[in-house]
Amino acid sequence: LLTMYRLPRAAFFLLVVRPVVAVLLGMNVRHRQRLPSHGPALVVANHNSHLDTLVLMTLFPIRLLPHVRPVAAADHFLKNRLAAWFFTRLIGILPIDRNPRAGKGDPLGIVTEAVERGDIVILFPEGTRGEPEQLAAFKSGVAHLARRHPDVPVVPVYLHGLGKALPRGEGLLVPFVCDAFVGHPVHWNGDRNAFMEQLQACMTALADEGNFPPWV
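Report follows, based on the coordinates. Because the structure is a prediction, the values reported are computed rather than measured. (Residues numbered from 1 in each chain as written. Predicted model: local features only at pLDDT ≥ 70, side-chain atom pairs only at ≥ 80, totals over all residues. Heavy atoms only, no water.)

The number of helices and strands found in the protein chain is eight helices and seven strands. Burial analysis of the protein chain (216 residues in total) assigns 46% to the buried set. Here the contacts in the protein chain between residues at least 6 apart in sequence split such that 76% fall between residues at least 24 apart. As displayed, the protein chain offers around 10900 Å² of accessible surface, 57% of which is attributable to carbon and sulfur atoms. (Helix = DSSP H or I, 4+ residues; strand = E, 2+ residues; numbered from the N terminus. Buried < 20%, exposed > 50% of the residue type's maximum accessible area, 1.4 Å probe, protein only. Contact = heavy atoms within 4.5 Å. Areas by Shrake-Rupley, 256 points an atom, 1.4 Å probe, with all protein chains shown as cover.)

See the structure below:
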């Protein structure tokens, strides 16, 4: 179904999203070459702002846009028909149920299907937007996906500054120079705890690479 929206989606990112990111945010991207050049792949990032998803999507060339699918909470982004149309058709989110009922099915099924199609899936393992520049513990959903797809690379990306450009609960975008640090791919190693520790360590190392002063 997304195929019929390929042109409007590309136009939206070229004419709206990319100019905003380039002019108002002045994104600095470190180690861009580590980003996956094709799918399937999982891209995981810290989460401080609604800008996070759009910024991550602009890191990829337009030709890959139809295959870049961010995971998002169904209860938050599908509140009404207009929101559902915008986020599923123009942004291309994969809506998941954050509070699935027992026996309702596989909450990660829609993500698994995207990976099996060869998409690049964007995930926020913290689960929700946290305080700016404070990394929270990752939830284990990403480990379940990595276990299902052990050959698929998991690429960590640390985002800095977006929590100040558009803080949680705010609707006004503040021009602010932001950064994205791309890490080396992590692969499933057969042990959930070890995998999560490795992924968290990679993200912490990326955060330390910027040598940013404490957030005030």
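Okay, the sheet that holds strand E1 (residues 28-30) next. With mixed pairing, the seven strands of this open sheet are ordered in space as E1-E7-E6-E2-E5-E3-E4. Strands at the two margins of the open sheet, each flanked by one partner only, are E1 and strand E4 (94-96). Neighbour to neighbour, the strand axes of the sheet diverge by 25 degrees on average, direction disregarded. Note: strand E2 (residues 41-45) against strand E6 (residues 154-160), four bridges, orientation parallel. Within E6, the position partnered with valine 43 by the bridge is valine 155. Relative to the sheet, helix H6 (residues 141-148) contacts E2, strand E5 (120-123) and E6, its axis offset from that of E2 by approximately 165 degrees. Against the sheet, helix H8 (residues 192-209) engages E2, E6 and strand E7 (179-182), with an angle of about 35 degrees to E6. (Pairing = 2+ DSSP bridges. Axes fitted to C-alpha atoms, helices over the stretch in contact; angles between N-to-C directions.)

Moving on: the packing of helix H1 (residues 6-25) against helix H2 (residues 51-58). Contact pair H1 / H2: the axes reach a minimum separation of 10 Å and the direction vectors enclose 105 degrees. Classified by the angle between their axes, H1 and H2 sit roughly perpendicular to one another. On H2, the residues that touch Arg9, Phe13, Val17, Arg18, Val21 and Leu25 of H1 are Leu51, Leu54, Val55, Met57 and Thr58. (Parallel < 35°, antiparallel > 145°, perpendicular 65-115°, else oblique.)

Turning to the side chain of threonine 88, a few remarks are in order. Looking at the element boundaries, threonine 88 is found in helix H4 (residues 81-91). Owing to a relative accessible area of 14%, threonine 88 belongs among the buried residues under this scheme. In terms of polar contacts, threonine 88 uses its side chain to reach the backbone carbonyl oxygen of alanine 84, at 2.4 Å. (Polar contact = N/O pair within 3.5 Å; in protein donor to acceptor, adjacent residues only side chain to side chain.)

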